[in-house]
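Geometric and topological summary
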Amino acid sequence: MNLPGRLIVVGVDGSPHGDAALRWALRIAAQPGDRVRAIAVRPSEALLPGTSLAFQPHGRRPAGQFPPYQRIATIRREFPDAPEISVATPHGDPATELVTASTDADLLVVGAHGTGLARELLLGSVSRECVRYSRCPVVVITPEAARRLTPAAAE
C-alpha cells in the first residue's frame, strides 16, 4: 500500500549502521510524496567517571561532530529521486526520542549495532526499545544488512 504523504523517521548517529538505515529508507521505503525525517539524538553532556581534567577539560565527554549533517547530505545525493530529508536533533536518550518520534510516523527505521557473537543474536538496546514501544512499524537494519547496503567506495 503506497499512500502518499507518509512520514518515515530514521534514526541516524553517524555510524555505518545509521547510514545503512537511511539508505534503506531512501532506496526502498520512500515513495513520491513521502517525507523523511532523520533523528540524530544529541548525546547528553555526562561527566566522565575518574576523568583527569588534563585529558578532558571540565571532566565532560566531548560532543564530537553532531548532528552528522554532512553524512546525511552525502547519502541523500546517492538517491536523486528520493524525498528531501529534514533533520531533528533532540537531546536525550536515543531510544526514548525515537519512540517519541514514532508517534507521528508511519514507519521507523533504525540500525542495530552488533559487536560479537552475543550481540549478533540480540538486538541492540536502542533498536530493541524501538521495536517494543514504537507507535508504528519498525524496520531494523542488522549489521549484516548494513554491510550489504554500504557502497564499496564508502568502506
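Basis of the calculations
Residues numbered from 1 in each chain as written. Predicted model: local features only at pLDDT ≥ 70, side-chain atom pairs only at ≥ 80, totals over all residues. Heavy atoms only, no water. Helix = DSSP H or I, 4+ residues; strand = E, 2+ residues; numbered from the N terminus. Buried < 20%, exposed > 50% of the residue type's maximum accessible area, 1.4 Å probe, protein only. Contact = heavy atoms within 4.5 Å. Areas by Shrake-Rupley, 256 points an atom, 1.4 Å probe, with all protein chains shown as cover. Pairing = 2+ DSSP bridges. Axes fitted to C-alpha atoms, helices over the stretch in contact; angles between N-to-C directions. Core = buried A, V, L, I, M, F, W, Y, C linked by side-chain atoms within 4.5 Å. Salt bridge = Lys/Arg side-chain N within 4 Å of Asp/Glu carboxyl O.

Broken down by element type, the chain carries six helices and five strands. Its helices and strands taken in sequence order, the chain reads β-α-β-α-β-α-β-α-α-β-α from the N to the C terminus. Out of the 155 residues in the chain, the part that is buried amounts to 40%. Put simply, of all contacts in the chain between residues at least 6 apart along the chain, 75% involve residues at least 24 apart. When the accessible surface of the chain is split by element, carbon and sulfur atoms take 56% of a total near 9,200 Å².

What follows is about the sheet that holds strand S2 (residues 35-39). Spatial ordering of the open sheet is given by S3-S2-S1-S4-S5, a layout of five strands whose pairing is parallel. Two strands lie at the open edges of the sheet, namely strand S3 (85-88) and strand S5 (138-141), each paired on one side alone. The sheet shows a mean angle of 20 degrees between the axes of neighbouring strands, taken without regard to direction. The sheet contact formed by strand S1 (residues 7-11) and strand S4 (residues 107-111) spans three bridges and is parallel. In the strand pairing of S4, valine 9 is matched with leucine 108. Of the strands in this sheet, S4 and S5 are in contact with helix H5 (residues 125-133), which crosses S5 at around 160 degrees.

The subject of this paragraph is the environment of proline 83. Mapped onto the elements of the fold, proline 83 is located in the loop between helix H2 (69-77) and S3. By relative accessible area, proline 83 is classed as buried at 13%. On a C-alpha basis, the gap between proline 83 and proline 32 in space is 7.1 Å, while along the polypeptide they are 51 residues apart. Leave out the neighbours within four places in its chain, and proline 83 touches Leu26, Ala30, Asp34, Val36 and Arg76.

If you look at the biggest cluster of nonpolar residues, it comprises 26 residues, and the most contacted ones within it are Ile8, Val10, Leu22, Val109 and Ile141. At the level of elements, S1, helix H1 (16-29), S2, H2, S4, S5 and helix H6 (143-149) are the ones that each hand at least two residues to this core. Considering every element that reaches this core, the biggest residue donor is H1, with seven residues. Here isoleucine 141 is in contact with Ala20, Ala21, Trp24, Val109, Val110, Gly111, Ala112, Ala146 and Leu149, once residues within four sequence places are set aside.

This part covers the pattern of salt bridges. Per the stated rule, a full pass over the model turns up six salt bridges. Among the salt bridges present, the one from arginine 148 reaches glutamate 144, with a minimum N-O distance of 3.8 Å. Of this pair, arginine 148 and glutamate 144 both sit in helix H6, four residues apart, which is roughly one turn of the helix.

Function cannot be read off these values alone, since they describe shape.
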